[in-house]
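# Structure assessment
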2 protein chains.
Amino acid sequence: MQVSARGEYAVRIAVTLATGHPRTISASALAAAQALPRKFAEVILGDLRRAHLVDSVRGVEGGYRLARDPGDVSVGEVLRAVDGPLSEVRGRRPEETSYEGAAVNLPRLWVAARAAVRSVFDEVSLAQAATGDFPVRIAELTAADDAWMPR
Amino acid sequence: MQVSARGEYAVRIAVTLATGHPRTISASALAAAQALPRKFAEVILGDLRRAHLVDSVRGVEGGYRLARDPGDVSVGEVLRAVDGPLSEVRGRRPEETSYEGAAVNLPRLWVAARAAVRSVFDEVSLAQAATGDFPVRIAELTAADDAWMPR
DNA sequence: AGCATATCCTATCGATCAAGTAGGATTCAA
DNA sequence: TTGAATCCTACTTGATCGATAGGATATGCT
């Protein structure tokens, strides 16, 4: 589960938009609020706009706002908009893999891993990510303190 | 959750070793069994050896075998041996992230996502991956047929 | 009209990494 | 001694990531 810089930035921008919702916020204000390169933030906001996750307003007093309610947009949608699919195995979707011999059962494993990732990113909204008010299932995942240990 | 070619190859090699355990199998036999480039397979087997997951025997009749019982080695260990950590956010471990403003709660989200990934890859052994006899929790993740749909 | 402030578009860049290849040195059993 | 295997170093090739540059276009205010 590698989240790229683009992905991380996109989520940070999105939760910032969520807390300001429904006001529009300019790219430079967003970049300043999260200490990101402004130009790069613009590129990312372009991706989010093309995915119809944000609306943009041009001109003075312009900026960006979430296209839908913050409680209605999942973190997974944001990540998919800027990086591709949440889960890939050697560049393919998990269900597209296929093997011979001892490896025949691996597609089920890849699909299970994807389902696990989805069960986090697709079940947390921007509103929840902003407030820290995560669903119980998610909160439980972070409760065990070995969840916070590198491995 | 991106699994690289190295990662995929490593798991395929590992389950092949698991089914043949405890016989030693040569790199070319492994490469042939899974239709991988032989030289690349050698590189990967070198990684697995340095991680002490496989032992190697040189010379004629040499080859590779699992260093531990197939029921005792997890898929996660294999993946970590060839790619790095299972989960990273912008090149950092989830627990090392830290944000200001609206993004303050994101580290918990990253940690939850990592826990979800671990709950699959660290809970499935090579023996289980080879036989397809997954733990109930994992099997449940693949039961819903929308787990098999792209999103 | 003119100006300031935005978004938006195209292009480029350097560094890094992924995937795979090449060639040969070394080890070991028969 | 020979053949088959691991092991080591180096290299290549292409793609991708994380930006940056420069300006065209839209909008509101005075």
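As shown above, the structure is provided for reference.
Below you will find a few notes about this structure. Because the structure is a prediction, the values reported are computed rather than measured.

By a simple turn and slide, chain A fits onto chain B: the slide is 0.0 Å along the axis, the RMSD is 0.0 Å, and the turn is 180 degrees. What the rotation and shift describe, once combined, is the action of a two-fold rotation axis. Among all residues of chain A, the one whose C-alpha sits closest to the rotation axis is A:M1, at a distance of 1.6 Å. Interface overlap between copies: 100% of the residues of chain A at the interface are likewise at the interface in chain B, consistent with a symmetric, same-surface contact.

Lining the immediate environment of DNA strand C, one finds 23 residues, of which A:A27, A:E42, A:S56, B:K39 and B:R58 sit closest. A:R49 places a side-chain nitrogen or oxygen 3.2 Å from a phosphate oxygen of DNA strand C. Side-chain polar atom of A:Y64 to a phosphate oxygen of DNA strand C: 3.3 Å apart, as the coordinates give it. Elements that contribute at least two residues to the surface near DNA strand C include exactly α3 (38–50), β2 (54–57) and β3 (63–66) of chain A together with α1 (5–20) and α3 (38–50) of chain B. Residue contributions to the surface near DNA strand C peak at four residues, all from α3(A). Split into classes, the residues belonging to the surface near DNA strand C amount to nine nonpolar, six polar and eight charged.

What follows deals with the protein's contact with DNA strand D. Taken together, 22 residues form the shell around DNA strand D, and within it A:K39, B:A27, B:E42, B:S56 and B:V60 come nearest. Near-protein atoms of DNA strand D (within 4 Å) split between backbone and bases, with sugar and phosphate holding 65%. Measuring from a phosphate oxygen of DNA strand D, one finds a side-chain N or O atom of B:R49 at 3.2 Å. Contributions of two or more residues to the surface near DNA strand D are made by α1 (5–20) and α3 of chain A together with α3, β2 (54–57) and β3 (63–66) of chain B. Looking at side-chain class alone, the surface near DNA strand D contains nine nonpolar, six polar and seven charged residues.

Turning our attention to unusual backbone geometry. The peptide bond linking A:H21 to A:P22 adopts the cis configuration, its omega dihedral lying at 0 degrees. Position of A:P22 relative to the elements: it lies in the loop between α1 and α2 (27–34). If you check the backbone angles, A:E61 has positive phi at about 65 degrees while not being a glycine. With a phi angle near 60 degrees, B:H52 is a residue other than glycine that sits in the positive phi range. Looking at the secondary structure, you find B:H52 in the loop between α3 and β2. The class of B:H52 is exposed, set by a relative accessible area of 61%.

To continue, consider the packing of aromatic side chains. Counted under the stated rule, the structure contains four aromatic pairs over all chains. Centre to centre, the rings of A:W110 and B:F121 are 6.2 Å apart; their planes meet at 70 degrees, and the pair counts as edge-to-face. A residue pair is termed interchain when its members come from two chains, as with A:W110 in helix α5 (residues 106–121) and B:F121 in helix α5 (residues 106–121). Neither residue differs from the other here; A:W110 and B:F121 are each classed as buried.

Within the secondary structure, A:S125 is located in the loop between α5 and α6 (126–131). Not counting residues within four places of it along the chain, the set of residues in contact with A:S125 comprises A:P70, A:G71, A:V73, A:S74 and A:V75.

Grouped together as the largest cluster of nonpolar side chains are 96 residues, with contacts concentrated most on A:F121 and B:F121. Setting aside residues up to four positions removed in sequence, B:F121 forms contacts with A:L109, A:W110, A:A113, B:M1, B:S74, B:V75, B:G76, B:L79 and B:L86.

So, on to the packing of α1(A) against helix α4 (residues 75–82) of chain A. Residues and elements named next belong to chain A. Put simply, α1 and α4 touch, their axes get as near as 9 Å, and they point 135 degrees apart. Taken as axis vectors, α1 and α4 run oblique relative to one another. In the packing of α1 onto α4, the handedness of the crossing is right-handed. Two secondary-structure elements touch here, α1 through R6, G7, A10, V11 and A14 and α4 through V75, V78, L79 and V82. Each residue belonging to the contact of α1 with α4 can be placed in one class, and the counts come to seven nonpolar, one polar and one charged.

Scoring rules and cut-offs
- Residues numbered from 1 in each chain as written.
- Chains lettered and ligands numbered in written order.
- Predicted model: local features only at pLDDT ≥ 70, side-chain atom pairs only at ≥ 80, totals over all residues.
- Heavy atoms only, no water.
- Least-squares fit on C-alpha atoms with pLDDT ≥ 70 in both.
- Contact = heavy atoms within 4.5 Å.
- Near = heavy atom within 4 Å.
- Polar contact = N/O pair within 3.5 Å; in protein donor to acceptor, adjacent residues only side chain to side chain.
- Helix = DSSP H or I, 4+ residues; strand = E, 2+ residues; numbered from the N terminus.
- Nonpolar A, V, L, I, M, F, W, Y, C, P; charged D, E, K, R; others polar.
- Buried < 20%, exposed > 50% of the residue type's maximum accessible area, 1.4 Å probe, protein only.
- Phe/Tyr/Trp six-rings, centres within 6.5 Å; stacked < 30°, edge-to-face > 60°.
- Core = buried A, V, L, I, M, F, W, Y, C linked by side-chain atoms within 4.5 Å.
- Axes fitted to C-alpha atoms, helices over the stretch in contact; angles between N-to-C directions.
- Parallel < 35°, antiparallel > 145°, perpendicular 65-115°, else oblique.
- Left-handed = near helix turned anticlockwise from the far one by under 90°.

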